[in-house]
Amino acid sequence: MGGDHVSVHVLYDPWHHNDNWWWVRNLGLIWSSTSTYADDLNAATFNWNSATTGMGIITVSTSSVSNADVAIYDTTTTTNDVVLGRTFSNEGTIQLFATNINAEVNRHPPNGWKWERWVALHEFGHALGLGHSDPYGSATSVMYTHDDGVLDFSSSDKSDYNFLWSTIKWITSQL
Ligand SMILES: [Zn+2]
């Protein structure tokens, strides 16, 4: 935190958010998927919905395409051999780059599954309005840019999410 809220603008870093990626509608996030990473998407949904993990304000759920806010699909089409997933602001999609994900899985036996799980958690974080935790946040955050297979939400993941959504939920309740 920096700045005096009366005389100068407040720097609200390290609150990491990006409303351009935001696919929450009516305090919920509904996804549809043709992805082969269904187990990971379901597990990530569970973790984002869980108060035990420090989250759980926004209900993440799955539905048919016609009812969904965001459509998730696998693709092998990328010229970037590092990126594992991408949340698109303009079309309501999450792309999972299967070739790159599978390469990471093969690179980290027997824990390769953590990279599949991480990318699902991370892209849902974007769809929930969170930006990257770097450069100020912990590198052991789900929302860090690097794909280190982090599966536990860090204090910065939790504080960003809770600040964003507890505030908006409160505002909504006052309308
Ligand atoms: Zn990201």
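Check the entry above for the structure.
Note that the structure is a prediction, hence the values are computed from the model and not measured.

Calculation rules
- Residues numbered from 1 in each chain as written.
- Predicted model: local features only at pLDDT ≥ 70, side-chain atom pairs only at ≥ 80, totals over all residues.
- Helix = DSSP H or I, 4+ residues; strand = E, 2+ residues; numbered from the N terminus.
- Rg over C-alpha atoms; globule rule 2.2 N^0.38 Å.
- Buried ≥ 20, exposed ≤ 12 C-beta atoms within 10 Å, placed from the backbone.
- Core = buried A, V, L, I, M, F, W, Y, C linked by C-beta atoms within 7 Å.
- Contact = placed C-beta atoms within 7 Å.
- Pairing = 2+ DSSP bridges.
- Axes fitted to C-alpha atoms, helices over the stretch in contact; angles between N-to-C directions.

Enquirer: How would you sum up the overall build of the protein chain? Please name residues and give values.
Expert: The helix and strand tally for the protein chain stands at 4 helices and 5 strands. Computed over the C-alpha atoms, the radius of gyration of the protein chain is 16 Å, within 12% of the 16 Å expected from 2.2 N^0.38 for a compact globule of 175 residues. Considered along the principal axes of its C-alpha atoms, the protein chain spans approximately 55 × 35 × 30 Å. Within the protein chain, the fraction of its 175 residues that count as buried is 33%.

Enquirer: Account for the nonpolar core, naming residues and giving values.
Expert: The tendency in soluble globular proteins is for nonpolar side chains to be buried as a group. Formed by 36 residues in total, the largest nonpolar core has its most connected members in Leu29, Leu96, Val119, Ala120, Phe124, Ala127 and Leu128. Per-element tally for this core: the top contributor is helix H3 (residues 113-127), with 7 residues. Those residues in contact with Val119 that sit more than four places away from it in its chain are Leu84, Gly85, Leu96, Ile101 and Asp147.

Enquirer: Mind laying out the sheet that holds strand E1 (residues 28-33), listing which residues take part and the relevant values?
Expert: Spatial ordering of the open sheet is given by E2-E1-E3-E5-E4, a layout of 5 strands whose pairing is mixed. In this open sheet, the two edge strands, each paired with only one partner strand, are strand E2 (59-62) and strand E4 (85-88). Each strand of the sheet is rotated relative to its neighbour by a mean of 25 degrees, with strand direction disregarded. Bridge analysis of E1 against E2 gives 4 bridges, and the strand direction is parallel. The residue of E2 that forms the bridge with Ile30 is Ser61. Contacting E1, E2 and strand E3 (70-75), helix H1 (residues 38-49) crosses the sheet at an angle of about 155 degrees to E2. Against the sheet, H3 makes contact with E1, E2, E3, E4 and strand E5 (93-97), and its axis sits at roughly 15 degrees relative to E4, the strand it touches most.

Enquirer: Could you give me a rundown of the pairing of E1, with the residues and numbers involved?
Expert: Of the two faces of E1, only the one carrying Leu29, Trp31 and Ser33 is buried; Gly28, Ile30 and Ser32 on the other face are not. Bridge count for E1 against E3 is 3 bridges, and the pairing is parallel. Across the sheet, Ser33 pairs through a bridge with Ile72, a residue of E3.

Enquirer: Go over unusual backbone geometry, please, and point to the residues and values.
Expert: Going from Pro109 to Pro110, the amide bond is cis rather than trans, its omega being 0 degrees. Tracing the backbone shows Pro110 in the loop between helix H2 (98-107) and H3. In this structure, Leu27 takes a positive phi of about 60 degrees despite not being glycine. As for its position among the elements, Leu27 is in the segment before E1.

Geometry only, nothing functional implied.
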